[in-house]
Amino acid sequence: MTESRVLTLWNEEGINKEDTAVLRKKSSEVSSPLDKNARESVQTLIDSFLARNDASGLAAPQIGINKRIIIFRNKDCREKGKLRPEDFDVLVNPRITQTRGEKVTMTEGCLSCPEIQVEVSRFPEIKIRALNAQGEKISKRYLDYVARVVQHEIDHLDGKLIVDYEGNLYYPKNKELLFRKIFQEH
Ligand SMILES: [Zn+2]
């Protein structure tokens, strides 16, 4: 297992400049068919995701790999337990080809934005084209909570994070000074 640390925009001292540079970069397309290097990146992302049980999804740039690869729980299961291979999807070069319905607003958290929650509006239904972990072309439809997670993870591939959304932002009251400082610098 080669699991990697999850990069964060800030830590207890303030903005994390090196991590932020990676998280804010637009990730590049993976060439098809997947070469050895791409397969290793996919495996590192899977290992990193499976090594923790507190994530709904993870995008490659969050572990320092600026490639368009995401992984996420494919069922609306907010109870975080041990994951079986059928419980998660890996998408390489995911592209949203269709959205349906009115956007729904919910609060989201992100491993790369520790301790905050932000209200974000997302489509309740999306269609995706991508490659799977083996590099085969696939198309999929996702609904509701899972559709939200997929949209969140695809944002990461474009360097976009929940703090970029206009919705209300919540942080622990006892850390007001830290977060005021962070969002002034931001
Ligand atoms: Zn995130």
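Residues numbered from 1 in each chain as written. Predicted model: local features only at pLDDT ≥ 70, side-chain atom pairs only at ≥ 80, totals over all residues.

1. Description of the sheet that holds strand β7 (residues 117–122)
Piece 1. Read from one edge of the open sheet, three strands run β6-β7-β10, paired in antiparallel fashion. Looking at which strands have only one partner, the edges of the open sheet turn out to be β6 (104–108) and β10 (169–170).
Piece 2. In this sheet, β7 lies alongside β6 in antiparallel orientation, the contact comprising five bridges. Bridge pairing links V104 to R122 in β7. (Pairing = 2+ DSSP bridges. Helix = DSSP H or I, 4+ residues; strand = E, 2+ residues; numbered from the N terminus.)

2. So, helix α3 (residues 144–157)
One turn of the α-helix equals 3.6 residues, which is why residues spaced by three or four share an orientation.
Piece 1. Compared with an ideal rise of 1.5 Å per residue, which puts 14 residues at 20 Å, α3 spans 21 Å between its outermost C-alpha atoms and is within 8% of the ideal.
Piece 2. Of all 14 residues that make up α3, 11 are buried, and the element is covered over most of its length.
Piece 3. Residues V146, A147, R148, V149, V150, Q151, H152, E153, I154, H156 and L157 constitute the buried set of α3. (Expected span 1.5 Å × (residues − 1). Buried ≥ 20, exposed ≤ 12 C-beta atoms within 10 Å, placed from the backbone.)

Such coordinate-based values are descriptive only and should not be taken to indicate function.
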